[in-house]
Amino acid sequence: MDNFETFSIPSVSGNGIVYLVGAGPGDPELLTLRAARLLSEADVIVHDGLVSADILAMAPPTTKKISVAKQRSRHSMAQEEINALLIAEARKGHKVVRLKGGDPFIFGRGGEESSDCVKAGIQVEVVPGISAALGCAAQAKMPLTHRDASSVVSFVAGQCKGLSDQNWSGLAGKGRTLVIYMGVANAESIVEKLIADGASPDIPVAVLENGTRNNFRALQTLLTDLGDLVRRENIKSPALLVVGEVARYGDAEDKFREYAQMAGVEF
């Protein structure tokens, strides 16, 4: 027996629980019924900066609300501190809602938070939300798949460490849709990377800004013009990039054609 390690399963602490809840892309009416109910019952809400005030207002005034907003690759709390906060609040016996924009498990670090809570013996439940890609594309009436345009969809993060070292070959091209989260600030680098990895410079791209909110914009251009479009139109996060033929569908304004006409270029 001396050759074997002894493992113990941590006991669940107190009666607290952590819910990892997807708040969707912004519109409160896109919350699931379960998410709305949990907000009304929460003792503590730990929320991201992209969660709208309208959604937070659904919680009772007595609910403790803690912002862990992230700005330009910087959290007001480090991820490890957020994980520890969730554990500490649950150990007090609280019902904790970790409220995230979109879906907790799509670029939301929900996996890290869930794992740390489980290791600490904290009960965890995950409540999915409408991811930004689905909500923004729906508002723009832009199908991410289409029999005539795309049968494959890929999601990537455009703002992360080692972007230039990632292999995006084959993700954007004929019959494919590539959705890039958090890509506006790195638009120029993303254009260079996609072209270097084999994407055509004239593949259509849509920029979906402030999805499901009142100030939503859907703009279309070509890949080679993406960086210039972001500057010309002063596009800000939150915004998604949709690369592929599906970008020609829906309500997106054709800004490349408009710009070419203004510049006197035949197109």
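Please read these numbers as outputs of a predicted model, since none were measured by experiment.

Caption draft 1: Representation of the sheet that holds strand β10 (residues 204-209) within the structure. Pairing is mixed across the open sheet formed by six strands, whose spatial order is β8-β9-β12-β10-β11-β13. Looking at which strands have only one partner, the edges of the open sheet turn out to be β8 (150-157) and β13 (253-254). Here β8 runs beside strand β9 (residues 175-181); their pairing, made up of seven bridges, is parallel. Within the sheet, the bridge partner assigned to Ser154 lies in β9 and is Leu178.

Caption draft 2: How the structure looks around helix α8 (residues 255-262). Looking at α8, one finds that the buried residues are Lys255, Phe256 and Ala260. Summarising the axial view, the buried residues of α8 lie within an arc of 135 degrees, below the 170-degree limit, and thus occupy one face. Along α8, the residues that are exposed and aim more than 90 degrees away from the buried face are Gln261 and Met262. Regarding α8, its N-cap is Asp254, as a side-chain oxygen of that residue lies 3.3 Å from the backbone nitrogen of Phe256 further along.

Caption draft 3: Structural detail: the packing of aromatic side chains. If you walk through the whole model with that rule in mind, you get two aromatic pairs. Between Phe155 and Tyr181, the ring centres sit 5.8 Å apart and the planes meet at 70 degrees, which makes this aromatic pair edge-to-face. Note that Phe155 is positioned in strand β8 and Tyr181 in strand β9, a separation of 26 residues in sequence. Each residue in the set Phe107, Phe155 and Tyr181 is aromatic and connected to the rest through ring pairs, giving one cluster. The residue whose ring lies beneath Lys193 is Trp168, and the NZ or CZ to ring-centre distance is 5.4 Å.

Caption draft 4: Local environment of the pattern of salt bridges. Following the criterion strictly, the structure yields 19 salt bridges and no others. Here Arg37 makes a salt bridge to Glu41, at a shortest N to O gap of 3.1 Å. Pair noted here: Arg37 and Glu41 are both in helix α1 (residues 33-41), with a separation of four residues, about one helical turn. Residue classification places Arg37 among the partly exposed residues on the basis of a relative accessible area of 37%. The class of Glu41 is partly exposed, set by a relative accessible area of 33%. Note that Arg257 is salt-bridged to Asp254, the shortest N-O span being 3.4 Å. A network of salt bridges, in which partner residues are shared, links Glu209, Arg217, Glu233, Glu253 and Lys255.

Caption draft 5: Representation of the confidence of the model for the protein chain in the model. For the protein chain, the mean per-residue pLDDT works out to 90, and 90% of the residues sit at or above 70. This stretch, residues 1-13, has a pLDDT under 50; its non-local contacts, to residues over four places away or in other chains, come to 13 contacts.

Caption draft 6: A nonpolar patch on the surface, seen in detail. Residues Phe107, Leu134, Val153, Phe155 and Met182 make up a contiguous nonpolar surface patch of about 400 Å² in total accessible area. Along the polypeptide, Leu134 turns up in helix α5 (residues 132-139).

Caption draft 7: Quick peek at the side chain of Asp225. Looking at the element boundaries, Asp225 is found in the loop between β11 (217-222) and α7 (226-232). The contact partners of Asp225, leaving out residues within four places of it in the chain, are Arg232 and Phe256.

Caption draft 8: View of the side chain of Asn210. Mapped onto the fold, Asn210 is located in the loop between β10 and β11. Beyond its immediate stretch of four places on either side in the chain, Asn210 contacts Asn215, Phe216 and Pro238.

Caption draft 9: Quick peek at unusual backbone geometry. Omega for the bond connecting Ser237 with Pro238 falls within 30 degrees of zero, at 5 degrees, which places this linkage in the cis form. Mapped onto the elements of the fold, Pro238 is located in the loop between α7 and β12 (239-243). Its identity is not glycine, yet Arg109 carries a phi of approximately 60 degrees, on the positive side. Summarising the element assignment, Arg109 is placed in the loop between β6 (95-100) and α4 (110-119). The exposure class assigned to Arg109 is partly exposed, which follows from its relative accessible area of 38%. Of note, the phi angle at Asn234 is positive, near 50 degrees, even though the residue is not glycine. Tracing the backbone through its elements, the reader meets Asn234 in the loop between α7 and β12.

Calculation notes
- Residues numbered from 1 in each chain as written.
- Predicted model: local features only at pLDDT ≥ 70, side-chain atom pairs only at ≥ 80, totals over all residues.
- Heavy atoms only, no water.
- Pairing = 2+ DSSP bridges.
- Helix = DSSP H or I, 4+ residues; strand = E, 2+ residues; numbered from the N terminus.
- Buried < 20%, exposed > 50% of the residue type's maximum accessible area, 1.4 Å probe, protein only.
- Arc of directions from axis to C-beta.
- Polar contact = N/O pair within 3.5 Å; in protein donor to acceptor, adjacent residues only side chain to side chain.
- Phe/Tyr/Trp six-rings, centres within 6.5 Å; stacked < 30°, edge-to-face > 60°.
- Lys NZ or Arg CZ within 6 Å of the ring centre and 35° of its normal.
- Salt bridge = Lys/Arg side-chain N within 4 Å of Asp/Glu carboxyl O.
- pLDDT = per-residue confidence, 0-100.
- Contact = heavy atoms within 4.5 Å.
- Patch = residues over 30% accessible without salt bridge, like charges linked within 9 Å, V, L, I, M, F, W, Y side chains within 5 Å.
- Areas by Shrake-Rupley, 256 points an atom, 1.4 Å probe, with all protein chains shown as cover.

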